[in-house]
Amino acid sequence: CLSCSGEHAWCPSCAVKAHQCNPFHNLQLWNGKFYESTTLQDQGYVMYLGHGGHRRPHHPGQIYETQSGVSNLVVVHSTGIYSHHVSWCQCPGAEKDRHLHLLKAKLFPASITRPHSAFTFNILDNFLIDALECKTSAMSFYQKLRRFTNNA
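These numbers were taken from a predicted model, which means no experiment stands behind them. Sequence order sets the numbering: in each chain, residues are counted from 1 along the sequence as written. Totals for whole chains, interfaces and linings use all residues, but because this is a predicted model, local features are given only for residues with pLDDT of at least 70 and pairs of side-chain atoms are given and counted only at 80 or more. Excluded from the side-chain calculations are hydrogens and water; all other atoms, namely the structure's heavy atoms, are used.

**Some words on the overall build of the protein chain**
Part 1 of the argument: In this text, helices come from DSSP runs of H or I with a minimum length of four residues, and strands from runs of E with a minimum of two, each type numbered from the N-terminal end. Within the protein chain, the secondary structure is distributed over four helices and seven strands.
Part 2 of the argument: Sequence-ordered secondary structure for the protein chain, helices as α and strands as β, is α-β-β-β-β-β-α-β-β-α-α.
Part 3 of the argument: Type-normalised accessible area, obtained with a 1.4 Å probe on protein chains alone, sets the label of each residue: buried when under 20%, exposed when over 50%, and partly exposed for intermediate values. Across the 152 residues in the protein chain, those meeting the buried criterion constitute 33%.
Part 4 of the argument: Whether two residues touch is decided by their heavy atoms; if any such pair falls within 4.5 Å, the residues are in contact. Pairs at least 24 apart in sequence give 48% of the contacts found in the protein chain among residues at least 6 apart.
Part 5 of the argument: In short, Shrake-Rupley with a 1.4 Å probe defines the accessible areas, and a residue's cover is counted only from the protein chains shown. Accessible area of the protein chain: about 9,800 Å², with a carbon and sulfur share of 56%.

Next up, the structure:
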């Protein structure tokens, strides 16, 4: 992990487990010859919303469809732009509106009806300061984030 402090050399499954609460870190994996950039999503990471970042608890007598509550979400953060599989809470009595799940996770949805992208509160604060102090345009700010994600 390029974002964690200290030395970290994890296998892919351990990297996913170690980043369950840090989904916006940049990873590299050894491919046998060199370290290659990869994403948490490529390693099987799923962002769980509704249970503090953990899988849904199993309720006896209830069957959950594994794919019905999972979708793809693009998240813009100060360290880059990330795509994650998201598991939405579908427990009985849970909030049905996905934008409310995102807000509780400190993610600002780009749409209220069917959010497919969101912004961390951190990046919104960074953009505000850049726009006010440095007169940075939204496009220039986005290009900076794109370069953090992939400088090619």
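Still to come is the rest of the account.
**Here's the deal with the confidence of the model for the protein chain**
Part 1 of the argument: Averaged over all residues, the pLDDT of the protein chain is 81; the fraction at 70 or higher stands at 86%.
Part 2 of the argument: pLDDT is a per-residue confidence score from the predictor, ranging from 0 to 100. Per-residue pLDDT stays below 50 along residues 59-67; that stretch engages in nine contacts with residues further than four places along the chain or on separate chains.

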